[in-house]
Amino acid sequence: MREVRDDDTALLRLLDDAGRSRIDTAIRERGYIAGVIAVREAFRPWGGLHLYDARDMVLKRFAELGVDPCPPEPVPTMPDLVERIAGRQGVLRELVISWDGDDFGWMVRLDARFASGEEALVVCLRCRAPGPVGWAEPREVRAFGAALAERFRVPLRTDHEDAPYGISEAD
């Protein structure tokens, strides 16, 4: 991802108040993707904007509006997680903790893998703490994984090679 420039939202001044308002409403009410779509549509009469330029403009606009581009989702309860696994067809083979990342930081996820080869997301928590990686969410997902592995009598794997720097089994 390229560095966000100071002029990333300067082009918004080319739009009339109604155009800027449509973009801001899309960002506030529907989020990141809707904001990018609104920006690209607004600049279509001028020949359009590159997707990455529209994305960077929306990310900068989130900060200007004081809106969190990735608000935290409520943490599910253990009965919710049991239901997500028990409600699936097939034999549960293992639970796997892995990492994923996007423009907003790291996420830790717990997936259920079935004998059929099917994989289902059980829970995914975004690491919200300051610094490169938060510690509360990985511990919480590990606790969910351990409890679910015991409940369903399956192994819990946590050996994912994409773990962010500084996270290990000892943490």
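For the structure itself, consult the block above.
None of the values given here were measured: they were computed from a predicted structure.

## As for the layout of surface pockets
Logical step 1: Roughly 380 Å³ of internal volume is contained in the largest pocket.
Logical step 2: What lines the largest pocket is a set of 19 residues, among which Pro72, Glu73, Cys124, Leu125 and Arg126 lie closest to the centre.
Logical step 3: Of all the secondary-structure elements, those providing two or more residues to the lining of the largest pocket are strand E3 (119–126) and helix H5 (136–152).
Logical step 4: Ranked by residue count, the leading element in the lining of the largest pocket is E3, at 6 residues.

## As for the packing of aromatic side chains
Logical step 1: Considering all chains together, one arrives at 1 aromatic pair under this definition.
Logical step 2: On the numbers, 5.8 Å between centres and 45° between planes, the contact of phenylalanine 43 with tryptophan 46 is tilted.

## Here's the deal with the pattern of salt bridges
Close approach of charged atoms allows side chains of opposite charge to pair.
Logical step 1: Scanning all chains against the criterion turns up 10 salt bridges.
Logical step 2: The partner of arginine 88 in a salt bridge is glutamate 118, with the nearest N and O atoms 2.2 Å apart. Of this pair, arginine 88 sits in the loop between helix H4 (78–86) and strand E1 (92–102) while glutamate 118 sits in the loop between strand E2 (105–114) and E3, and the two are 30 residues apart along the sequence.
Logical step 3: Taking the relative accessible area as the measure of exposure, arginine 88 reaches 35% and is therefore partly exposed.
Logical step 4: Taking the relative accessible area as the measure of exposure, glutamate 118 reaches 29% and is therefore partly exposed.
Logical step 5: Linking arginine 157 and glutamate 94 is a salt bridge whose minimum nitrogen-to-oxygen distance equals 3.1 Å.

About the thresholds
Residues numbered from 1 in each chain as written. Predicted model: local features only at pLDDT ≥ 70, side-chain atom pairs only at ≥ 80, totals over all residues. Heavy atoms only, no water. 1 Å grid on protein atoms, 1.4 Å probe; cavity = no way out; pocket = protein on both sides within 12 Å on 5 of 7 lines; lining within 4 Å. Points joined across faces, edges and corners; volume = space filled by probe spheres on them. Helix = DSSP H or I, 4+ residues; strand = E, 2+ residues; numbered from the N terminus. Phe/Tyr/Trp six-rings, centres within 6.5 Å; stacked < 30°, edge-to-face > 60°. Salt bridge = Lys/Arg side-chain N within 4 Å of Asp/Glu carboxyl O. Buried < 20%, exposed > 50% of the residue type's maximum accessible area, 1.4 Å probe, protein only.

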